[in-house]
Each structure stands twice: as C-alpha cells, then as structure tokens.
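Structural overview
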Amino acid sequence: MDSVFLNKAAAAGLLSIAMAWICSAVASGVVPANVPVKPAFSVPGTENVPIAPYMAHADADRGEELARQICSSCHALVSAAADGVGPNLASVAGRPIATAAGYAYSSALLGQKEHVWSDQALSDWLTSPARFAPGTRMSLVGISSPEQRADIIAYLHRLAE
C-alpha cells in the first residue's frame, strides 16, 4: 500500500463522517423533536372513558378471574404476600399512587405520588400504563374493554376489605 491510497482512504472516511454530521444537523433542524399536543390519530379502544357507569354493573368475581389471568404473573393479590415484579395489589384501591412500602417504583410513577388510585385513575392506568405514566416499567399494553377494567377494579376493592 502506498501513501496515496492511505490518503484517499482517510479523506473518504473524514468526508463520510462530515456528511453524516451535516445530514443529522439538517434533519434536526427540519423535523421537530417535540411530541404534538394532540395525536394525529387514536387507536380505537385506548381512549380514557369515564368508568363510573361501568362500575355500577361490575362483577368482582369476573374481575378476580381476569386479575388472575392478567395481573397475577407480576403482582401478588394477597395482603400478606411479598411483592413480585410489580407491587402487591392488595389495598391498592384508594391508596396514594406509588406508596406501597418497600417497593422501588419507577420515576414515572413517583411523579404521580400526589394522586390517589381512584376508580378513574385505575381505569386510565389499565387502559394504557405507558400513556398514564410515560416511562413506566409496566409491560402491560392495556385492557381496551371498559367492562373488564370495571370488573378488575371491583375485585381490587374486594382485596381492600
């Protein structure tokens, strides 16, 4: 290899890096980096709806079955049980958010500490945890059926008794 070839290779490398940087700078100036206030579209079934009308007809027994299918792989459903991947759900209904003793919450939920797990908050959380608290570690995509969410919430109220 001669020095002319090495010079050409070095120049090509430097020009490639320079062009990538220029393209990145231009793209950053053209495409905004902020999230729009209102999304361009909404996936059906992921909107937050008032849960109160559904709570009037909620079935805690059906909610228990759903909670065992959906929640029990990560959460304990018995008051004396230790936390799992997620915090114990006994007495969660009506409790301030992110206050279960001994559980290390994500900063997304710690930012919600001034709120309470009301029926509506639980419903909004179960609809889309990632939208309720962006940055949460919970991997649940969401439960689109308001009837199923109401049943689970009715069961969570039973756990508080």
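Here the residue numbers are simple positions, counted from 1 along each chain's written sequence. At least 70 in pLDDT is required for a residue's local features to be given in this predicted model, at least 80 for side-chain atom pairs to be given and counted, and no such filter applies to totals for whole chains, interfaces and linings, which use all residues. Side-chain numbers come from the whole structure's heavy atoms, not from hydrogens or water.

**A word on the packing of aromatic side chains**
Here is the rule we go by: What counts as a ring pair is set by centres within 6.5 Å for rings of Phe, Tyr and Trp (its six-membered ring), and what kind of pair is set by the plane angle: stacked under 30 degrees, edge-to-face over 60, tilted for all other angles. A run of H or I in DSSP becomes a helix once it reaches four residues, and a run of E becomes a strand once it reaches two; helices and strands are each numbered from the N terminus.
This model, assessed by the stated rule, comprises four aromatic pairs. Their ring planes at 20° and their centres at 5.6 Å tell us that Trp117 and Phe132 sit as a pair that is stacked. Of this pair, Trp117 sits in the loop between helix H4 (107-110) and helix H5 (119-127) while Phe132 sits in helix H6 (residues 129-132), and the two are 15 residues apart along the sequence. Counting every residue linked through ring pairs, the aromatic cluster contains Trp117, Trp125 and Phe132.

**Some thoughts on the packing of H5 against helix H7 (residues 146-159)**
We count it as follows: Between the N-to-C directions of two axes lies an angle of 0 to 180 degrees, each axis being a line fitted to C-alpha atoms and, for a helix, fitted only over the stretch in contact. An angle below 35 degrees is read as roughly parallel, one above 145 as roughly antiparallel, one from 65 to 115 as roughly perpendicular, and any other as oblique. Rotating anticlockwise by less than a right angle from the far helix to the near helix defines a left-handed crossing, while the corresponding clockwise rotation defines a right-handed one. Here, residues are in contact when the closest pair of their heavy atoms is within 4.5 Å.
Relative orientation of the contacting elements H5 and H7 amounts to 130°, with a least axis distance of 10 Å. For the element pair H5 / H7, the angle class is oblique. Crossing geometry of H5 relative to H7 is assigned as right-handed. Facing H5, whose interface residues are Asp119, Leu122, Ser123, Leu126 and Thr127, H7 presents Arg149, Ile152, Ile153, Leu156 and His157.

**Some details on the nonpolar core**
Counted only if it meets this: Only buried residues count toward a nonpolar core. Its members are Ala, Val, Leu, Ile, Met, Phe, Trp, Tyr and Cys residues joined through side-chain atoms within 4.5 Å. Partly exposed residues are those whose accessible area sits between 20% and 50% of the maximum for their type, while under 20% is buried and over 50% is exposed, using a 1.4 Å probe and protein chains only.
Core analysis: the biggest nonpolar cluster contains 32 residues, and Leu109, Trp117, Trp125, Phe132 and Leu156 have the highest contact counts within it. For this core, the elements supplying multiple residues, two or more each, are helix H3 (60-70), H4, H5 and H7. What Leu156 contacts, discounting residues up to four positions off in sequence, is Leu89, Val92, Ala93 and Leu122.

**Thoughts on the environment of Cys74**
One can find Cys74 in the loop between H3 and H4. Cys74 sits in the partly exposed class, given a relative accessible area of 29%. When the C-alpha positions of Cys74 and Met138 are compared, they lie 9.3 Å apart, and in sequence the two are 64 residues distant. Contacts of Cys74, omitting those with residues within four sequence positions, involve Gly84, Val85 and Gly86.

**Description of the pattern of salt bridges**
We count it as follows: We define a salt bridge as a contact between a side-chain nitrogen of Lys or Arg and a carboxyl oxygen of Asp or Glu at a distance within 4 Å.
This structure, assessed with the given rule, holds five salt bridges. Here Arg158 ties to Asp61 by a salt bridge, and the two come within 2.8 Å at their closest N and O atoms. Of this pair, Arg158 sits in helix H7 while Asp61 sits in helix H3, placing them 97 residues apart in sequence. The partner of Glu64 in a salt bridge is Arg68, with the nearest N and O atoms 3.0 Å apart. Of this pair, Glu64 and Arg68 both sit in helix H3, separated by four residues, roughly a single helical turn. Taking relative accessible area as the criterion, Glu64 reaches 23% and is therefore assigned partly exposed. Where salt bridges share partners, they join Asp61, Glu64, Arg68 and Arg158 into one cluster.

**Some remarks on the side chain of His75**
The criterion, for reference: Any N or O atom pair separated by 3.5 Å or less is treated as a polar contact, with the protein-specific requirement of one donor-capable and one acceptor-capable atom, and with residues adjacent in sequence counted only for side-chain atom pairs.
Relative to the elements of secondary structure, His75 occurs in the loop between H3 and H4. At 2.7 Å, the side chain of His75 forms a polar contact with the backbone oxygen of Pro87. If we ignore the near neighbours within four places in the chain, the residues touching His75 are Gly86, Pro87, Leu89 and Met138.

**Describing unusual backbone geometry**
One non-glycine residue, Ser91, lies in the positive phi region at around 65°. Of note, Ser91 is situated in the loop between H3 and H4.

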